[in-house]
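Results of the structural survey
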Protein chains: 2
Amino acid sequence: MKTAIIGGTLITQDPRTGVVDRGTVIIEDGTITQVLAEGSTVSADVNIDASGCAVIPGLINAHTHAAMTLFRGYADDLPLFAWLRERIWPVEARLTAEHVYHGTRLAIAEMLLSGITCFADMYFEMEAVAQAVRESGIRAVLSRGIIADSAESGMNEAVELFLKYHGKHRIQVMLGPHAPYTCPPDFLVEVGKEARRLGARVHIHLAETWAEIEEMKEKYGRRPAEILVDSGITQAGVLCAHCVHVDKEEIRRLAEAGAGIAMCPVSNAKLAAGFPPVSAWLDSGTGVGLGTDGAGSAGRLDLFDAMRAASSGEKLASMDPRKASAPELLAAATSGGARALGIDHLTGSISEGKLADLVVIDLNTPWTQPVHDPVSTVVYSATTENVKHVFVEGQQLVKDRMLTYADIDDIIGGVKRATRSLFVGR
Amino acid sequence: MKTAIIGGTLITQDPRTGVVDRGTVIIEDGTITQVLAEGSTVSADVNIDASGCAVIPGLINAHTHAAMTLFRGYADDLPLFAWLRERIWPVEARLTAEHVYHGTRLAIAEMLLSGITCFADMYFEMEAVAQAVRESGIRAVLSRGIIADSAESGMNEAVELFLKYHGKHRIQVMLGPHAPYTCPPDFLVEVGKEARRLGARVHIHLAETWAEIEEMKEKYGRRPAEILVDSGITQAGVLCAHCVHVDKEEIRRLAEAGAGIAMCPVSNAKLAAGFPPVSAWLDSGTGVGLGTDGAGSAGRLDLFDAMRAASSGEKLASMDPRKASAPELLAAATSGGARALGIDHLTGSISEGKLADLVVIDLNTPWTQPVHDPVSTVVYSATTENVKHVFVEGQQLVKDRMLTYADIDDIIGGVKRATRSLFVGR
């Protein structure tokens, strides 16, 4: 089947193509086969009118904990460790696979409706996560979070997940050692060996809070980024979430090692963890994406929010409004995220030969008019409500702002039941 | 006619009432006549089901330049003065009343659809602004911006506007001396006299950039807040926009003088002007609201964005996530804004006897579920898309997310024509 998305402003994120006014994208067998300029003649089985719309690569949520939608609004305005120890961890200890399934299903609905076509997840009960992913059709990079205290079972599950799902059903699998403060250096060395043996990449939290830096320096005489590079994990390919408290030398070393970075500015700010050095990362030359982190801390799984927060925070921190511009942030949310996740050969730009992960953004709303510069409009003015159609590997998962693969009331109903059993009915 | 909004979670912002689960609001002749607890029997002409929704007082945009929607995305990622001098002012010089009308009409549509029921505007061609306000039914506080260079014509127009519109058609009028750096101290004294003579309040920009502080200290040996208090303007009642670069003593003096404050965190951050001392203002005891500033700088006229930006920015600046909590920010966006504008006797809370400026927020969306705390959900998770119904003085101006008073395509069409004539067809 051949699908044509016709007449939109194509913000391709492909440097050879740039922005195409009134262009057309042809999709065949899940792949982008042609990117055509205005006036090309098109014959397709399905024709989708994108006039008055921007067409962008699917947004990539480079770091989240999808099932934590169940904790959305449960513990706001608290310090990070009080939040974790007193509120989140006690409830997480009661989470079953079914809770995780319903929470993830909700997150996927929220993400698709906000233009996210791929997410990098770290959590547990990952079979339930994979099930929700497969049912929806979204692309995902899944990691079973591992801490040293339960290393063996965690590692076994992680390897099992890799062997069962990696490269299938639009899923990639990474190993997920949680963070240097829960996984000591010698354990990280083990993870690095296992990752290289499997050919798996690694997903880890890094340098999120100042306390983490202090603890690592005291315990191991090294900062988290050093510990990571020394562990050999970067040789397997790594996705580092947060990377807030990093100095110039750490940025240089991580970039040199080809580490992918997932900046999560909304969550970092809301938890008062600090703010990532946005421009330093964007200028570092390595793959830098944007993540939402979990809805428990961030409130929303929204990369429009993340783009604006990253831009504003960097402009403020540098007192230079030219920094962290709209084009830079849209690149981070798309092609940069694909590089950070090691899947830029598959997705992240509107390029012939890449998989058709695409979002059609309706610009004909009061808050996106007039359009002087479509990239500025998408980054600074559009919101999730402007997300009209979403395609993952050529499958239309959102059509006219409705999910095509499931009934939204059924998803919300499942979450309400899961929430009651988790918080009330125990 | 009697309207009942039935079964919603009423976040009243009235300290006597607090939050009412499954409550009902009765509206008669534009006024809230009853706020009822769950289970009350209701008989009304129009019954609106608000189950699964939050009902909040209409959001108050305490500072904007509505017609600047025409400049949305026209000049992003530029320094403030380059932005003003090279991009905005040359185009503003060509603006006609018709441009202002269409830009304001767009802004009103955007604001109503995002739950804003009242806005404080400072611009010129204010007859055109008043026309757009009257046609829509929104509440507005209008000020003709005045600079000393054209003091006489500006003042004449301002007084005319006051005499014609103040207290009519849901419009209040303030005098609008632009800022201390465009209105020298002796002129501000004149404005203060005129304001007291008329019984008008005053709307002014104050302490937005560091450069302003330096300039005022050098020219007049005083900081902007001092100049303002010394001018006598605060005795007339004043609304001060921005108030970013203020020290403790200025906060104390402005609060003591009863000045209203409109914090505009999104615009301040995006222009890298600085960040308002959010908690210091909220704790000062004076009326503190939130503004969007114009869409030319902010990109959107969205107080959900402003609430989140104010909260995140304060949490980061203080490194304390307990600061600038969800309840504090929702109060600022509603009752605090009403106090800042001097209209808290009319609006700003769901209280018997106040005008029925109300917003029904649908919480049955993926990104607002589950609901653990409705205030957290509204502030940290809801977006403009959740705004379902909007009432101003009992008139329903948004119904099921559609404007009732005008056709949206007609509004957007007018803006497209205005934009072409302003930017292209000259």
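Quantities reported herein were computed from a predicted structural model and do not represent experimental measurements. (Residues numbered from 1 in each chain as written. Chains lettered and ligands numbered in written order. Predicted model: local features only at pLDDT ≥ 70, side-chain atom pairs only at ≥ 80, totals over all residues. Heavy atoms only, no water.)

1. Here's the deal with the interface of chain A and chain B
Chain A puts 62 residues into the contact, and the matching count from chain B is 62 residues. Taking both sides of the interface into account, the surface hidden between chain A and chain B amounts to around 4700 Å²; carbon and sulfur atoms contribute 61%. Among the residues of chain A in contact with chain B, D77(A), P366(A) and H372(A) are the three that bury the most area, contributing 14% of the side total. Summed over the shared surface of chain A and chain B, the number is six salt bridges. Take the side of chain A that touches chain B: its biggest share by element is seven residues, from helix α16 (residues 408–424) of chain A. (Contact = heavy atoms within 4.5 Å. Buried area = accessible area lost by both parts, 1.4 Å probe. Salt bridge = Lys/Arg side-chain N within 4 Å of Asp/Glu carboxyl O. Helix = DSSP H or I, 4+ residues; strand = E, 2+ residues; numbered from the N terminus.)

2. Side note on empty space enclosed by the protein
A full pass over the atoms with the stated rule returns four cavities of 30 Å³ or more. Estimated volume of the largest cavity: approximately 70 Å³. Along its surface, the largest cavity is lined by R308(A), Y380(A), V266(B), G291(B), T292(B), A298(B), R300(B), D302(B), D305(B) and A306(B). For the lining of the largest cavity, the residue count by class is four nonpolar, two polar and four charged. (1 Å grid on protein atoms, 1.4 Å probe; cavity = no way out; pocket = protein on both sides within 12 Å on 5 of 7 lines; lining within 4 Å. Points joined across faces, edges and corners; volume = space filled by probe spheres on them. Nonpolar A, V, L, I, M, F, W, Y, C, P; charged D, E, K, R; others polar.)

3. Points about the packing of helix α3 (residues 126–136) of chain A against helix α4 (residues 151–165) of chain A
Residue and element names in this part refer to chain A. Contact pair α3 / α4: the axes reach a minimum separation of 11 Å and the direction vectors enclose 25°. Taken together, the axis directions place α3 and α4 in an arrangement best described as roughly parallel. Read as a crossing pair, α3 and α4 show a hand that is right-handed. Counting all contacts with α3, which are made through M126, E127, A130 and R134, the residues of α4 involved are L161, K164 and Y165. Within the contact of α3 with α4, the residues separate by chemical class into four nonpolar, no polar and three charged. (Axes fitted to C-alpha atoms, helices over the stretch in contact; angles between N-to-C directions. Parallel < 35°, antiparallel > 145°, perpendicular 65-115°, else oblique. Left-handed = near helix turned anticlockwise from the far one by under 90°.)

4. A look at the domain arrangement of chain A
Residues and elements named next belong to chain A. Taken as a whole, chain A is organised into domain 1 (2–57 + 348–402) and domain 2 (59–341). Using C-alpha coordinates to define each centre, domain 1 is positioned 28 Å away from domain 2. Taken residue by residue, the interface counts 27 residues in domain 1 and 29 residues in domain 2. Of the roughly 2100 Å² buried at the junction of domain 1 and domain 2 (both faces included), carbon and sulfur atoms supply 66%. Applying the counting criterion to the domain 1 and domain 2 interface returns two salt bridges. Taking the shortest distance from any N to any O, the salt bridge between D357 and R139 comes out at 2.7 Å. (Domains from an automatic or database assignment.)

5. Structural notes on the side chain of R300(B)
Considering the arrangement of structural elements, one finds R300(B) in the loop between α12 (295–298) and α13 (303–318). In this structure the side chain of R300(B) is engaged in a polar contact, spanning 2.8 Å, whose partner is the side chain of D302(B). Excluding its chain neighbours within four sequence positions, the residues that come into contact with R300(B) are R308(A), W367(A), Y380(A), S381(A), A382(A), T383(A), R72(B), E110(B), T292(B), D305(B) and T384(B). (Polar contact = N/O pair within 3.5 Å; in protein donor to acceptor, adjacent residues only side chain to side chain.)

6. Some thoughts on the packing of helix α13 (residues 303–318) of chain A against helix α15 (residues 374–381) of chain A
Residues and elements named next belong to chain A. The geometry of α13 relative to α15 is characterised by a closest axis approach of 8 Å and an angle of 95° between their N-to-C directions. As judged from the angle between their axes, α13 and α15 are roughly perpendicular. Residue-level inspection shows F304, M307, R308, S311 and K315 of α13 in contact with α15, the latter providing V378, V379, Y380 and S381. In terms of residue class, the contact of α13 with α15 is built from five nonpolar, two polar and two charged.

7. Considerations on the pairing of strand β2 (residues 19–28) of chain B
All names here are of chain B. As paired elements, strand β1 (residues 2–11) and β2 share eight bridges and run antiparallel to each other. By the bridge assignment for β2, I5 is matched with V25. Of the pairings in the sheet, the one linking β2 to strand β3 (residues 31–36) comprises five bridges and is antiparallel in character. When the bridges of β3 are listed, V25 appears paired with V35. (Pairing = 2+ DSSP bridges.)

8. A word on α4(A)
Every α-helix winds through 3.6 residues per turn, so residues three or four apart in the chain are directed the same way. Residue and element names in this part refer to chain A. For α4, with 15 residues, the first-to-last C-alpha span of 21 Å sits near the 21 Å given by 1.5 Å per residue. Buried residues of α4: A151, G154, M155, A158, V159, L161, F162 and Y165, and no others. Across the axial projection of α4, the buried residues extend over an arc of 160°, all falling on one side. For α4, the exposed residues lying more than 90 degrees away from the buried face are E152, E160 and L163. Contact partners of the buried residues in α4: α3, β8 (139–146), β9 (171–177) and α5 (185–198). (Expected span 1.5 Å × (residues − 1). Buried < 20%, exposed > 50% of the residue type's maximum accessible area, 1.4 Å probe, protein only. Arc of directions from axis to C-beta.)

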